[in-house]
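Reading the structure
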Amino acid sequence: MRLPGAREIAGDLIALTRVYRGGQLPHPSPERARHTRVAVVLGAQVLSGRRPSRTLDARTRHAARLYLKGDLDLLIPTGGLGEHPPSEAEVMRRILLEEGVPEAAILLEEKAASTWDSALLVSRMARELGVDEVLAVTDPLHCVRTVAAFAETGLVAWPEPVYSSPMWRKKWSRRGQLAREAGALLWYRARHGVGSRREL
């Protein structure tokens, strides 16, 4: 396990706090991001009865809107099987189809059990597709860790925050997610920190 540096930790937490307070996510090249034609949709909880959680639903419908506007060519829902079947990715596929996204524009990743798994597995898929940049569709606070995790696998992920997510709109949910993401960022830096790039 690699111990993170103070500068790395401070940078992560400053970025997270800035987003929590309503500031913009780090987005060093918005022009390049506008030309990114592939989006990864990060998974969230599937409820009993094959129902998406409100968070999962919000992320997926946000991605569908981007596709239907003509901003994207391919969507990659990522997320494996949780407490309730089917996989998170499969539930997202169903929502995307309901929204009018064609089957041919959806590529599932159904094994990931964490954000780090998603980064590793989607990065491998991206290399096979010849893709080196993606949009990361997820909750605003989760974007910070997601972008960092994808960077560690060698894939550039531009943040595409879903401000319609209940994890963002409800103050108590946002506060709770801030605490969880701060802890997760510290763990990711220690476990998968800069310089520890690896592949499945």
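Residues numbered from 1 in each chain as written. Predicted model: local features only at pLDDT ≥ 70, side-chain atom pairs only at ≥ 80, totals over all residues. Heavy atoms only, no water.

**With respect to the nonpolar core**
Threshold: What makes a nonpolar core is a set of buried Ala, Val, Leu, Ile, Met, Phe, Trp, Tyr and Cys residues whose side-chain atoms join them at distances within 4.5 Å. Under the scheme applied here, a residue whose accessible area is under 20% of the maximum for its type counts as buried, over 50% as exposed, and between as partly exposed, the area being computed with a 1.4 Å probe on protein chains only. To qualify as a helix, a DSSP run of H or I must reach at least 4 residues; to qualify as a strand, a run of E must reach at least 2; elements of each kind are numbered from the N terminus. Residue contacts are defined here by distance: any two heavy atoms, one from each residue, within 4.5 Å place the two residues in contact.
Leu 72, Leu 75, Val 101 and Val 137 are the most contacted members of the largest nonpolar core, which totals 23 residues. Where this core is concerned, the elements lending two or more residues are strand S1 (38-42), helix H3 (54-68), helix H4 (88-99) and strand S5 (133-138). With six residues, H3 is the largest single contributor of residues to this core. Every residue in contact with Leu 75, bar those within four places of it in the chain, is listed here: Ala 39, Ala 63, Tyr 67, Leu 96, Val 101, Ala 105, Ile 106 and Leu 107. Counting 17 residues, the second largest nonpolar core, distinct from the first, contains Leu 74, Ala 119, Val 122 and Ala 149.

**Things to note about the environment of Met 125**
Looking at the element boundaries, Met 125 is found in helix H5 (residues 115-129). In the structure, Met 125 is positioned 49 residues away from Ile 76 in sequence and 9.5 Å away in space, judged by C-alpha atoms. Apart from residues no more than four positions distant in its own chain, Met 125 is found in contact with Ile 76, Leu 107, Leu 108 and Glu 109.

**Structural notes on the side chain of Glu 90**
Tracing the backbone through its elements, the reader meets Glu 90 in helix H4. Judged by its relative accessible area of 18%, Glu 90 is buried.

**Here's the deal with the confidence of the model for the protein chain**
As a reminder, the rule being used: Within a predicted model, pLDDT stands for the predictor's per-residue confidence, ranging from 0 to 100.
Of all residues in the protein chain, 84% attain a pLDDT of 70 or more, and the chain-wide mean is 86. Residue range residues 194-200 is modelled with pLDDT below 50. Its contacts to residues more than four positions away, or to other chains, number 20 contacts.

**Overview of the pairing of strand S6 (residues 156-161)**
It is a general feature of regular strands that their side chains alternate between the two faces of the sheet. Note the threshold: A pair of strands counts as paired when DSSP detects no fewer than two bridges linking them. Handedness is read with the strands pointing away from the viewer; a crossover is right-handed when the path from the first strand over the helix to the second is clockwise.
Burial within S6 is extensive, with five of its six residues counted as buried. Direction of pairing for S5 relative to S6: parallel, over a ladder of six bridges. The residue of S6 that forms the bridge with Leu 135 is Trp 158. In this fold, the crossover linking S5 to S6 by way of helix H6 (residues 140-152) has right-handed handedness.

**Concerning the packing of H5 against H6**
How we decide: Between the N-to-C directions of two axes lies an angle of 0 to 180 degrees, each axis being a line fitted to C-alpha atoms and, for a helix, fitted only over the stretch in contact. Should an angle fall under 35 degrees it is called roughly parallel, over 145 degrees roughly antiparallel, and 65 to 115 degrees roughly perpendicular, with every other angle called oblique. Crossing handedness: left-handed means the near helix sits turned counterclockwise from the far one by under a right angle, and right-handed means the same turn made clockwise. Only Asp, Glu, Lys and Arg are considered charged in this grouping, and only Ala, Val, Leu, Ile, Met, Phe, Trp, Tyr, Cys and Pro are considered nonpolar; every other residue, Gly among them, is considered polar.
At a minimum axis distance of 9 Å, the contact between H5 and H6 shows a crossing angle of 45°. Taken together, the axis directions place H5 and H6 in an arrangement best described as oblique. Both H5 and H6 take part in a crossing whose hand is right-handed. Counted together, Thr 115, Trp 116, Ser 118, Ala 119, Val 122 and Ser 123 of H5 and His 142, Arg 145, Thr 146, Ala 149, Phe 150 and Glu 152 of H6 form the full contact between these two elements. A breakdown of the residues in the contact of H5 with H6 according to their chemical character gives five nonpolar, five polar and two charged.

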